[in-house]
Amino acid sequence: MELSMSKTDTVSPLRQRMIDDMAARKLDPHTQRGHLSSCERFSAWLGRSPDTATADEVRLFQLHLVESGASICNRNRIVTGVRFLYRSRCAARPGGRDLAHEGAAEAAAGAEPEEIRRVLTMATSLKARAMLSVAYGCGLRASEVTRLRVCDIDSDQMIIRVVQSKGRKDRNVMLPPEILDLLRQWWKARPKRRDAGVPPQQRWLFPVATVI
């Protein structure tokens, strides 16, 4: 595969581009190795260079990870590496698309894995269902979900802005329509007693004082 090292240790152009981009962003060595390993795993599953993959194939790869028993943590780690590859590629091409971003959106909006359905059926309230849906459907950590404010939800672009996530970096994740609908339901039912004096866009989406 194009991302793999050959027996002569020749680095492919695609791999080198990714390495250079990670270095330019000053990612630590452990993160760089993880991203490369994730892309190699995707390339092995795809059977060819990931440079030729479609958004649908990225979605199918994510479903493959679910079916193979990979934990949520490992799935997020692997998809993050693949997403970095496509962002690196697309940044160098005018009009380029982030295929991993598109694939993640399709996977979240498509058939829900049994694991996620099982967890969501355990939710005893609208708040719990909304928080779990954001965590599982959008790939957010629990700490990231609890820090969401109204201004982080962009319904026009259908993204969630995760501010100061791991490594103190901001990132955007896709917001599936079903989860946006659920968040709107929660917003109507959400307790308002702590909103006094707080601008609407700065209000917490899930106030810590409310009980799940």
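Check the entry above for the structure.
Note that this is a predicted model, so its numbers are computed, not measured.

Trainee: Please set out the packing of aromatic side chains residue by residue, giving values where relevant.
Mentor: In total, this model carries four aromatic pairs according to the counting rule given. Here Phe 42 and Trp 45 contribute two aromatic rings whose centre-to-centre distance is 6.2 Å and whose plane-to-plane angle is 20°, an arrangement assigned as stacked. One end of the pair, Phe 42, and the other, Trp 45, are both in helix α2 (residues 29–46), three residues apart, so they sit about a helical turn from each other. Relative accessible area serves as the criterion here: at 0%, Phe 42 is assigned to the buried category. For Trp 45, a relative accessible area of 31% puts it in the partly exposed group. Note on Phe 42 and Phe 61: the rings are 4.9 Å apart at their centroids and 55° apart in plane angle, and the pair reads as tilted. In this pair, Phe 42 is assigned in helix α2 and Phe 61 in helix α3 (residues 55–67), connecting sequence segments 19 residues apart. The ring of Trp 204 has Arg 149 lying over it, and the distance from NZ or CZ to the ring centre is 3.7 Å.

Trainee: Before we move on, can you summarise the pattern of salt bridges with the specific residues and values?
Mentor: Counted by the stated rule, this structure contains seven salt bridges. Here Arg 161 and Asp 154 are joined by a salt bridge, their closest N and O atoms 2.7 Å apart. For Arg 161, a relative accessible area of 30% corresponds to the partly exposed category. On the basis of relative accessibility, which here comes to 10%, the residue Asp 154 falls in the buried class. In the salt-bridge network here, residues are joined through shared partners; they are Arg 141, Glu 144 and Arg 171.

The rules behind each value
- Residues numbered from 1 in each chain as written.
- Predicted model: local features only at pLDDT ≥ 70, side-chain atom pairs only at ≥ 80, totals over all residues.
- Heavy atoms only, no water.
- Phe/Tyr/Trp six-rings, centres within 6.5 Å; stacked < 30°, edge-to-face > 60°.
- Helix = DSSP H or I, 4+ residues; strand = E, 2+ residues; numbered from the N terminus.
- Buried < 20%, exposed > 50% of the residue type's maximum accessible area, 1.4 Å probe, protein only.
- Lys NZ or Arg CZ within 6 Å of the ring centre and 35° of its normal.
- Salt bridge = Lys/Arg side-chain N within 4 Å of Asp/Glu carboxyl O.

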